[in-house]
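# Breakdown of the fold
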Amino acid sequence: EVQLQQSGAELVKPGASVKLSCKTSGYTFSNYYMSWLKQMPGQNIEWIGNIYGGNGGTGYNQKFKGKATLTVDKSSSTAYMDLSSLTSEDSAVYFCARDDNNHLDWYFDFWGPGTMVTVSS
Amino acid sequence: EIVLTQSPTTMAASPGEKVTLTCRASSSVSYMHWYQQRSGASPKLWIYETSKLASGVPNRFSGSGSGTSYSLTINSMETEDAATYYCQQGSSYPYTFGAGTKLELK
């Protein structure tokens, strides 16, 4: 059974950084991309970027370049996302989700439960 | 960036009623994918590649469309179908979602 387990809620101060984790099980981590997505309260879902579990190759939404940095640890089948220079606009729930595709058209077949990040002084 | 516009924003349906949600893309896409999200939960893949039902999705759901116009249909509304549905395109970077249709039970 595919499972994505995300780290717990974070309360961080403006200007600080935070590192979120997504530990996976039930599939071969190195064979898939992992995406990170942002959802502000009551709002739309935004795709931040993705990372390949095999070699750490990344792709980013231009909007989040400089804000988010994606990494992986193959030995523990875990994906990470660093968020830097946090402001109130970064307060949101962040999901990791496994990418899948057919004919190179991509969708997200398994999702983590999300991590709530609150930026407040 | 491909913008996805969903309509309606909110709707209410009675049990047994047929429901159709639409999603229009600002440029042509190869497929459309749909997710169901209940309050406080993570989204679930619901329909992928326009018309394929994800595992466990009841067959009263169906998807169709091509190019810039896609739809999700519920043949006969049930209580458990009340949720927000998002469309998503994975044809080109950045992957984008529609703003969602909140489907309520009347």
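Refer to the structure above for everything that follows.
Just so we're clear, the structure is a prediction, and the values are computed from it rather than from any experiment.

Helix and strand counts for chain B come out as 0 helices and 11 strands. Walking chain B from its N terminus toward its C terminus, one meets helices and strands in the order β-β-β-β-β-β-β-β-β-β-β. Taken over C-alpha atoms, the radius of gyration comes to 13 Å for chain B, in line with the 13 Å a tight globule of 106 residues would show. Once the C-alpha set of chain B is aligned to its principal axes, its extents read approximately 35 × 20 × 20 Å. Scored against the burial criterion, the 106 residues of chain B give a buried share of 50%. Long-range contacts, defined as pairs at least 24 residues apart, comprise 54% of the intrachain contacts of chain B with a sequence gap of at least 6. When the accessible surface of chain B is summed, it comes to about 4,700 Å², and 46% of that surface belongs to carbon and sulfur atoms. Computing the positive centroid from 8 side-chain charges and the negative centroid from 7, chain B places the two 1 Å apart.

With that out of the way, let us pick up the overall build of chain A. Broken down by element type, chain A carries 0 helices and 11 strands. Against the compact-globule benchmark of 14 Å for 121 residues, chain A has a radius of gyration of 14 Å, which places it among compact chains. Principal axes of the C-alpha set define a box for chain A whose edges measure 40 × 25 × 25 Å. When contacts within chain A are restricted to residue pairs at least 6 apart in sequence, those whose partners lie at least 24 apart make up 52%. Carbon together with sulfur atoms contributes 47% to the accessible area of chain A, which is approximately 5,500 Å² in total. One way to put it: in chain A the 9 positive side-chain charges average out to a point 7 Å from where the 11 negative ones average out.

Its place among the elements puts His33 of chain B in strand β4 (residues 33-37). A distance of 3.0 Å separates a polar side-chain atom of His33 of chain B from the backbone nitrogen of Glu49 of chain B.

So, how was this worked out
Residues numbered from 1 in each chain as written. Chains lettered and ligands numbered in written order. Predicted model: local features only at pLDDT ≥ 70, side-chain atom pairs only at ≥ 80, totals over all residues. Heavy atoms only, no water. Helix = DSSP H or I, 4+ residues; strand = E, 2+ residues; numbered from the N terminus. Rg over C-alpha atoms; globule rule 2.2 N^0.38 Å. Buried < 20%, exposed > 50% of the residue type's maximum accessible area, 1.4 Å probe, protein only. Contact = heavy atoms within 4.5 Å. Areas by Shrake-Rupley, 256 points an atom, 1.4 Å probe, with all protein chains shown as cover. Lys, Arg positive; Asp, Glu negative; His and termini not counted. Charge placed at Lys NZ, Arg CZ, Asp CG, Glu CD. Polar contact = N/O pair within 3.5 Å; in protein donor to acceptor, adjacent residues only side chain to side chain.

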